[in-house]
Amino acid sequence: MTNILLLLKVQLYSTFSLNDLRKGRGLGKYFKLGLLFLLVFLFSGYNLLTALSLVRLGQANLIPAYMIALVSFIIFFFSLMQSNGILFDQEELDRLIVLPLSIREIVYEKYAFLYLLNSVFSVLLMLPAGLVWFGYGASLLELLLYLLLMGFVPLLPLCLASLLGLCVAYIASKAPHKNLVAFLFSLLLLLGLATGSLWAMRAGLSGENVGLLLTKQLTSLYPPASLFFNPQHFWWSSLLLMFISFALTGLFLRYLSRNYLKINQMITGVKSESKVYRSWQKSPFMALYRREIANFVSSYLYMLNSGLGTILIIVLAISLCFMSPDVLFSSIGLSDSREFLPLLLAGCLSISNPAAVSISLEGEEIWLLQTLPVSMRQIMMAKLVLTVSLHFTALLLGLPVLVWRFSLGGLQVVDLVLISLAYSLFTALQGLVVNFHYPKFIWDNEMIVIKQSFSAILSGGIGILVLVFPLCLSLLFGLGLEMSLRISALGLLLLAVVLYRHLIKQGYFKEVHG
């Protein structure tokens, strides 16, 4: 147990750079802390408002079921994207296997790290809603049991997501192109989950009462939530969910620890045959650009997390071939589909940003890149062009369908293209600038860089802000959304020029640190 706790402490310090945060000085330290508190405030505030909405609808008794369903579904969704990357990392295993540790301790520490991350998320979402529930009818003992239940809620979705991730990895290991197959399977699963959740939340939109409607939605979203529909059985339902979650997790960990080396070899094994490729590069820039593409496609976790937005544009275009725009957009809560189309495309481009982690993924070998006979400008441009190329490919495939299905006029097409390009250029440049100034070269697992590094979080936050800006502009000054988007696009292009000029002036990367 002591070894597990020590390993967990080391991984937490390594993942979140706690030493730098604790010893840091100046504005950087307070900026990171401020961003952390802002995220906590947003998560907690959202669920507090959700719980108060249930109270206003007269459904305060459904708060525990609603919170358990929502938190479990979100944990399952995101764990499916990162569980394999954390549980099975060959480089980290090579470092740990030589230490006086058992395989069981290594497995338990990795799983404990996943559980701890999801537990923090569970507390942030469930605690405010639980306090509202207590204020509108729950007893003190029920509140205490609810607080205890928060620690057990992540176990079941995390276990199921890890099992499903293992199934995907097993199927992919039998295919000749393992990374591509794993990426496609994961993408299909995530799209299936997203489609299923939309269908569940739209189910039963008839003249039924609110309580029955919410009951149907929660059952479709997360079936175990049906245990908590009757408030009189809250005690027995809580104990039953705790027992099931603990038992399944124990069985899964027992199986995983006994077969970990075999499963890890199956997932991370590299074929012995090597292929020699003929070099077709005609310039240093093309060599660097091809290298960025190779790095991108070599990791399905990198492709899935950093390319998800561009894939959504293509999925949107395919869906519009079979559904009318009004029906499709109403399923995600948008009434005027044509007005929100540019903002939707901008949102998809903003969440697809490989540049935000491309420098950090070079790892401790970043110095090798700097010793090449190429300029810093060429290195940066190669990383920048990769992101823009992904965006351009998605727009090239999706825009013709969007123009056809929405019957857009010439000016509307120009608006859509220019706004998309403005958001694309700004997204790529701000991601690269943020990663340049906040790199994380020392890491044990690429998933830590892709999902949890400071540059990825900060770049994602900036992406959200530039999406919210035109909406705020429209609400505060009474402008139409179309005009607000034009103003925002012009501002982003000017900012992109400033960021580009700043970027090409850099002569070397930051020192290697956590």
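Higher on the page you've got the structure.
Here the residue numbering is sequential within each chain, running from 1 through the sequence in written order. A pLDDT threshold of at least 70 governs which residues receive local features in this predicted model, and a stricter bar of 80 or more applies before side-chain atom pairs are shown or counted, although totals over entire chains, interfaces and linings include all residues. The side-chain values count all of the structure's non-hydrogen atoms but skip hydrogen atoms and water molecules.

Draft legend 1. Broad picture of the overall build of the protein. Secondary structure elements follow DSSP: runs of H or I of four or more residues count as helices, runs of E of two or more count as strands, with numbering from the N terminus. Scanning the protein from terminus to terminus reveals 23 helices and 0 strands. Split into buried and exposed, the 514 residues of the protein put 47% on the buried side. By definition, residues are in contact when any of their heavy atoms lie within 4.5 Å. In the protein, of all internal contacts separated by at least 6 residues, the share reaching a separation of at least 24 is 82%. Only the protein chains shown count as cover for residues, and the accessible areas themselves come from Shrake-Rupley with a 1.4 Å probe. In the structure as shown, the protein presents an accessible area of about 25700 Å², 70% of it carried by carbon and sulfur atoms. Working definition: with a 1.4 Å probe on protein chains only, accessible area under 20% of the residue-type maximum means buried, over 50% means exposed, and in between means partly exposed.

Draft legend 2. Molecular detail of the packing of helix α6 (residues 103–135) against helix α7 (residues 140–150). Throughout, an axis means a line fitted to C-alpha atoms (over the contacting stretch in the case of helices), and angles, computed between N-to-C directions, take values from 0 to 180 degrees. Across the interface, α6 lies against α7 with an axial gap of 10 Å and an inter-helix angle of 170 degrees. Relative to α7, α6 is oriented roughly antiparallel. Of α7, the residues touching α6 (which contributes Ser 122, Val 123, Met 126, Leu 127, Ala 129, Gly 130, Trp 133 and Phe 134) are Leu 140, Glu 142, Leu 143, Tyr 146, Leu 147 and Met 150. Along the lines of polarity and charge, the residues of the contact of α6 with α7 split into 11 nonpolar, 2 polar and 1 charged. Any angle from 65 to 115 degrees is called roughly perpendicular, while one under 35 is roughly parallel, one over 145 is roughly antiparallel, and all others are oblique. Polar here means any residue outside two lists: the nonpolar Ala, Val, Leu, Ile, Met, Phe, Trp, Tyr, Cys and Pro, and the charged Asp, Glu, Lys and Arg; Gly therefore counts as polar.

Draft legend 3. Region of the structure containing a nonpolar patch on the surface. Patch construction takes residues with relative accessible area above 30% that form no salt bridge. Like charges are linked within 9 Å, and nonpolar side chains (Val, Leu, Ile, Met, Phe, Trp, Tyr) are linked within 5 Å. A pairing counts as a salt bridge when a side-chain nitrogen of Lys or Arg comes within 4 Å of a carboxyl oxygen of Asp or Glu. Nonpolar side chains collect at one region of the surface, where Val 123, Leu 127, Leu 131, Phe 134, Leu 140, Leu 141, Leu 144, Leu 147, Trp 235, Trp 236 and Leu 239 lie side by side and expose about 1100 Å² of accessible area between them. Looking at the nonpolar patch, the elements with two or more residues in it are α6, α7 and α11 (234–268). Among the structural elements, Leu 140 can be located in helix α7. Of the residues examined, Leu 140 reaches a relative accessible area of 53% and is grouped as exposed.

Draft legend 4. Looking closely at the packing of aromatic side chains. Any Phe, Tyr or Trp ring, taking Trp's six-membered ring, that has another such ring centre within 6.5 Å forms a pair; planes under 30 degrees apart are called stacked, those over 60 apart edge-to-face, and the others tilted. This model, assessed by the stated rule, comprises 9 aromatic pairs. A ring pair is formed by Trp 133 and Tyr 146, whose centres lie 5.7 Å apart and whose planes are at 50 degrees; its orientation type is tilted. Separated by 13 residues along the polypeptide, Trp 133 in helix α6 and Tyr 146 in helix α7 bring together distant segments of the chain. For Tyr 146, a relative accessible area of 0% corresponds to the buried category. Chaining the aromatic ring pairs together yields one cluster made of Trp 133, Tyr 146, Phe 228 and Phe 234. Only Lys NZ and Arg CZ are tested; either one counts as a charge over a ring when it is within 6 Å of the ring centre and within 35 degrees of the ring normal. Above the ring of Tyr 108, the side-chain terminus of Arg 104 is found at 5.3 Å from the ring centroid. Over the ring of Trp 404 we find Arg 405, and its NZ or CZ is 5.2 Å from the ring centre.

Draft legend 5. Region of the structure containing helix α14 (residues 308–320). For α14, which comprises 13 residues, the first-to-last C-alpha distance of 18 Å matches the rise-based estimate of 18 Å (1.5 Å per residue) to within 8%. If you check which residues of α14 are buried, you get Leu 308, Gly 309, Thr 310, Ile 311, Ile 313, Leu 316, Ala 317 and Leu 320. What a helix is expected to span follows from its residue count: subtract one and scale by 1.5 Å.

Draft legend 6. Up close: the pattern of salt bridges. The final tally for this structure, using the stated rule, is 6 salt bridges. Its salt-bridge partner being Glu 292, residue Arg 291 comes within 3.7 Å of it at the nearest N-O pair. Given the relative accessible area of 29%, Arg 291 is considered partly exposed. Judged by relative accessible area, which is 5%, Glu 292 ranks as buried. Across the pair Arg 486 and Asp 415 runs a salt bridge whose closest N-O atoms are separated by 2.6 Å. Separated by 71 residues along the polypeptide, Arg 486 in helix α23 (residues 481–504) and Asp 415 in helix α20 (residues 410–437) bring together distant segments of the chain. You can call Asp 415 buried: its relative accessible area is 11%. Via salt bridges that share partners, Arg 291, Glu 292, Glu 362 and Lys 383 belong to a single interconnected network.

Draft legend 7. Up close: the environment of Asn 47. Structurally, Asn 47 is set in helix α3 (residues 27–56). Relative accessible area serves as the criterion here: at 0%, Asn 47 is assigned to the buried category. Residues Asn 47 and Leu 125, 78 residues apart in the sequence, show an inter-C-alpha distance of 5.8 Å.

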